[in-house]
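So you can see what is in the structure, the chains are spelled out below.
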Amino acid sequence: MTNMGKVTWQLVKERGHKLLQLLGLYLLVMMILVVVSLLGRLGASELFGIGVSFGMLTAIAGFLSLAVSQERVWVSNRWRLVPIANWKLYAASTLANVVATVLLWLLLGLIILALAMVKPVQIDWPIEAVPFALSFGCLFLVMLLLLGCLISLAHMLSLMITDFLPGMKEKWLKGLLTFGVVLVALKLVAWFFDGISWLFRVMGFSATAVDYSTGTALTAQISQVIIVDMWLAIAIFLVGSVCLSLVNCYLLRYWVETKQAQQTA
């Protein structure tokens, strides 16, 4: 039986290679903007703000790339024929996505921090904001994990159902499933941002709590109760991810086949 750790590491390396390409493109754009900034055509706050915005776009592109890579594992002979239990393959692929995402965020954060040092931007983050930032990051990560599990569930259900349908009905059903997943995903994201807006209102932050032009940031004290609520939300997202993963593992074992015909020696 193949070691799960080795499979996870191989998946991390493969997906990390794709993310490095996105990161390289982001870094190239930022280097061009730094040159423009040093020539006096771009202010410090504008450079920092653009860096953050492009960083968010890169993170979104990274999530989509990881989601596509994960779904290919379920129908690839290369991975499905590896002598490892299906639940271990699912766990390894999911864990690889989490590790790759965290590494991408860390590298993006380092680049954005370097941008802030090219032309210093004074941002006053109180020490009370550190646990809040960590909690928020974990909450966003588990939300992406839940969204990834939902995408896998829709993919596996479409594979399971469409195997019994003729071509035209198969296309219609895949379209409906895709539409349903998009609706659920949008609702999930809406709930997430509604919750974040509620947190900001409770803490007394306005929509312009962070102002790049003046360098001000969160200055109010972070309530311990709010941080506890965030970790409660994290636990709920994790439970949902585990439940969806159990269903996915069952479908992967009994219903989902690879696209290519299995080769025999």
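It should be emphasised that the depicted structure is a prediction, and the values quoted were computed from it without experimental measurement.

Draft legend 1. Molecular detail of the overall build of the protein chain. Along the protein chain, the regular secondary structure elements total 7 helices and 0 strands. Mapped in sequence order, the helices and strands of the protein chain form the string α-α-α-α-α-α-α. Taken over 265 residues, the protein chain has a buried fraction of 39%. By sequence separation, contacts in the protein chain at least 24 residues apart represent 85% of the contacts at least 6 residues apart. Roughly 15,400 Å² of accessible area belongs to the protein chain as shown, and the carbon and sulfur atoms make up 72% of that amount.

Draft legend 2. Region of the structure containing the nonpolar core. Val7, Leu11, Trp74, Trp79, Tyr90, Met156 and Val256 are the most contacted members of the largest nonpolar core, which totals 22 residues. Contributing elements (two or more residues each) for this core: helix 1 (4–38), helix 2 (44–74), helix 4 (86–118), helix 5 (129–162) and helix 7 (224–254). Of all the elements, helix 5 adds the most residues to this core, at 5 residues. Each of domain 1 (1–123) and domain 2 (125–265) contributes no fewer than three residues to this core.

Draft legend 3. Spatial organisation of the packing of helix 1 against helix 4. Where helix 1 meets helix 4, the axes come as close as 8 Å, and the angle between the chain directions of the two elements is 20 degrees. Here helix 4 runs roughly parallel to helix 1, going by the angle between their axes. The two elements helix 1 and helix 4 cross, and the hand of that crossing is right-handed.

Draft legend 4. Fine view of empty space enclosed by the protein. In total, this model carries 1 cavity of 30 Å³ or more according to the counting rule given. Empty space within the largest cavity amounts to approximately 180 Å³. Taken together, the elements giving at least two residues each to the lining of the largest cavity come down to helix 2, helix 4 and helix 5. Here the lining of the largest cavity gets 7 residues from one element, more than from any other, and that element is helix 5. Shared between two domains, the lining of the largest cavity holds at least three residues of each, these being domain 1 (1–123) and domain 2 (125–265).

Draft legend 5. Up close: a nonpolar patch on the surface. Together, Leu20, Leu107, Leu110, Leu113 and Met117 give the surface a local cluster of nonpolar side chains, amounting to about 520 Å² of exposed area. No other element matches the 4 residues that helix 4 contributes to the nonpolar patch. Along the chain, the position of Met117 falls in helix 4. Taking relative accessible area as the criterion, Met117 reaches 61% and is therefore assigned exposed.

Draft legend 6. Region of interest: the side chain of Ser93. Following the sequence through the fold, Ser93 ends up in helix 4. Within the structure, the side chain of Ser93 is placed 3.0 Å from the side chain of Gln70, a separation counted as a polar contact. When residues no more than four places from it in sequence are discounted, the contact partners of Ser93 are Leu11, Arg15, Gln70, Val73 and Trp74.

Criteria and cut-off values
Residues numbered from 1 in each chain as written. Predicted model: local features only at pLDDT ≥ 70, side-chain atom pairs only at ≥ 80, totals over all residues. Heavy atoms only, no water. Helix = DSSP H or I, 4+ residues; strand = E, 2+ residues; numbered from the N terminus. Buried < 20%, exposed > 50% of the residue type's maximum accessible area, 1.4 Å probe, protein only. Contact = heavy atoms within 4.5 Å. Areas by Shrake-Rupley, 256 points an atom, 1.4 Å probe, with all protein chains shown as cover. Core = buried A, V, L, I, M, F, W, Y, C linked by side-chain atoms within 4.5 Å. Domains from an automatic or database assignment. Axes fitted to C-alpha atoms, helices over the stretch in contact; angles between N-to-C directions. Parallel < 35°, antiparallel > 145°, perpendicular 65-115°, else oblique. Left-handed = near helix turned anticlockwise from the far one by under 90°. 1 Å grid on protein atoms, 1.4 Å probe; cavity = no way out; pocket = protein on both sides within 12 Å on 5 of 7 lines; lining within 4 Å. Points joined across faces, edges and corners; volume = space filled by probe spheres on them. Patch = residues over 30% accessible without salt bridge, like charges linked within 9 Å, V, L, I, M, F, W, Y side chains within 5 Å. Salt bridge = Lys/Arg side-chain N within 4 Å of Asp/Glu carboxyl O. Polar contact = N/O pair within 3.5 Å; in protein donor to acceptor, adjacent residues only side chain to side chain.

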